[in-house]
Amino acid sequence: MSSLSEAGVAGMATDGAEAAFGAAPPLYFLSSATDAGRIEACSGTRTVSDAERAQFSYDANAILPRDDWRKAALRKWDHPEPWAFSDQRFNCVALLHCPDRLLRLIAPIRSGRTRPDLELMQDAMGDICTIQGPVHIHGIIHNAPGDPTVTIDHHAKRRIGLHVDNWDKQNIDKRRLSPNRICINVGECTRIFLFVPIEIGSVVSILRAAGIDVRASPRPTALGRLFLHRYPNVPVLRVPVDPGCAYIAPTETLIHDASTAQMTKVDYQLTIRGYVDARAGQGDVYVCAFA
Ligand SMILES: [Fe+2]
């Protein structure tokens, strides 16, 4: 096992997290070397401030990344692509460049002249990934520019910060059976995907090993918050997703959110949930956990 610093993730955990992560399976990241060089990490997380609560309508318990972003030098994985093993889907994030025929379909959507032909787009996506059912097409979702994080609890009308999706409402011990998602940036500005590089099953194992009763927090976002409170020096990764690029992520097993903080125009993204696997040969695989 290598240390946090060898893994290249910014910030040394001083709260015992490093030892806890030693036994956790790694989180794999697939991308080109150029894209991997643009990924940043921060030193940990913090509870939202009163000023942010007032300005952006955050939930009082929302947790955000710290702002000390620096380049994350991820460690290259020189073994078979984890995407070759479908049971690793819950442990993989990928950043992909959409093929030309998909970009040609995206262009009119971006200009607002036409609605997307989702069937054609899904077919064109076959160049970069396979999607097996059940497939749920969320369509084009838009977010305002300038927000630190985008996800809102529409019942409470509050921004929730770093969270774990709960579309499938799977029991926490069966989360790895949940679908993942592909999310294409169909807008004009680079958007940001944020994630904590450890899957929720490992989060639960670490909390249980620390003697923390996880039954009191059955919902995945509550578990994620419990974990980040206990280990506030766990870094968050920050992935720029350019227009015409897509990420695949297991958002039902990953603490994550997106950010439009640095965008100057409305964020448009197309999300499809299903069992999405990146096709081989689209870059290198990096390890961004602490193994
Ligand atoms: Fe989410």
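Residues numbered from 1 in each chain as written. Predicted model: local features only at pLDDT ≥ 70, side-chain atom pairs only at ≥ 80, totals over all residues.

It is worth spelling out the overall build of the protein chain at this point. When helices and strands are tallied, the protein chain shows eight helices and 17 strands. Classification of the 291 residues of the protein chain by burial places 45% in the buried group. At a minimum sequence separation of 6, the contacts of the protein chain that also span at least 24 residues come to 84%. (Helix = DSSP H or I, 4+ residues; strand = E, 2+ residues; numbered from the N terminus. Buried ≥ 20, exposed ≤ 12 C-beta atoms within 10 Å, placed from the backbone. Contact = placed C-beta atoms within 7 Å.)

Turning our eyes to something else, we now look at the environment of Leu237. Note on placement: Leu237 falls in strand S13 (residues 237-241). Considered as a pair, Leu237 and Ala72 are 165 residues apart in the sequence and their alpha carbons are 7.8 Å apart.

Backbone hydrogen bonds hold the strands of a sheet together, and the pairing may be parallel or antiparallel. If you trace the five strands from one edge of the open sheet to the other, you get S5-S2-S13-S12-S15, paired in antiparallel fashion. Looking along the sheet, the strands with just one partner apiece sit at the ends: strand S5 (70-71) and strand S15 (254-259). Where strand S12 (residues 191-199) and S13 come together, five bridges link them in antiparallel fashion. Its bridge partner lying in S13, Phe195 is registered against Leu237. (Pairing = 2+ DSSP bridges.)

Before going further, it helps to examine the nonpolar core. The biggest cluster of nonpolar side chains holds 73 residues, and the ones touching the most others in it are Val93, Ala94, Phe193, Phe195, Tyr247 and Ile248. With six residues, the top contributor of residues to this core is S12. Dropping the residues within four chain positions of it, Phe193 is found in contact with Val239, Val241, Tyr247, Ala249 and Ala258. (Core = buried A, V, L, I, M, F, W, Y, C linked by C-beta atoms within 7 Å.)

Before going further, it helps to spend a moment on the environment of Asp267. Take Asp267: it is sitting in strand S16 (residues 267-278). Look at Asp267 and you get buried, because 24 C-beta atoms sit within 10 Å. Along the sequence, Asp267 and Val186 sit 81 residues apart, while their C-alpha atoms lie 8.0 Å from each other. Residues in contact with Asp267, not counting those within four places in the same chain, are His142, Asn143, Pro145, Gly187, Cys189, Arg191 and Thr260.

Burial along strand S1 (residues 28-31) is two-sided: the face carrying Tyr28 and Leu30 and the face carrying Phe29 and Ser31 are both buried. In the sheet, S1 pairs with strand S17 (residues 284-287) via four bridges, with the strands oriented antiparallel. Bridge pairing in S17 places Tyr28 opposite Val287.

In short, shape yes, function no, at least from these values alone.
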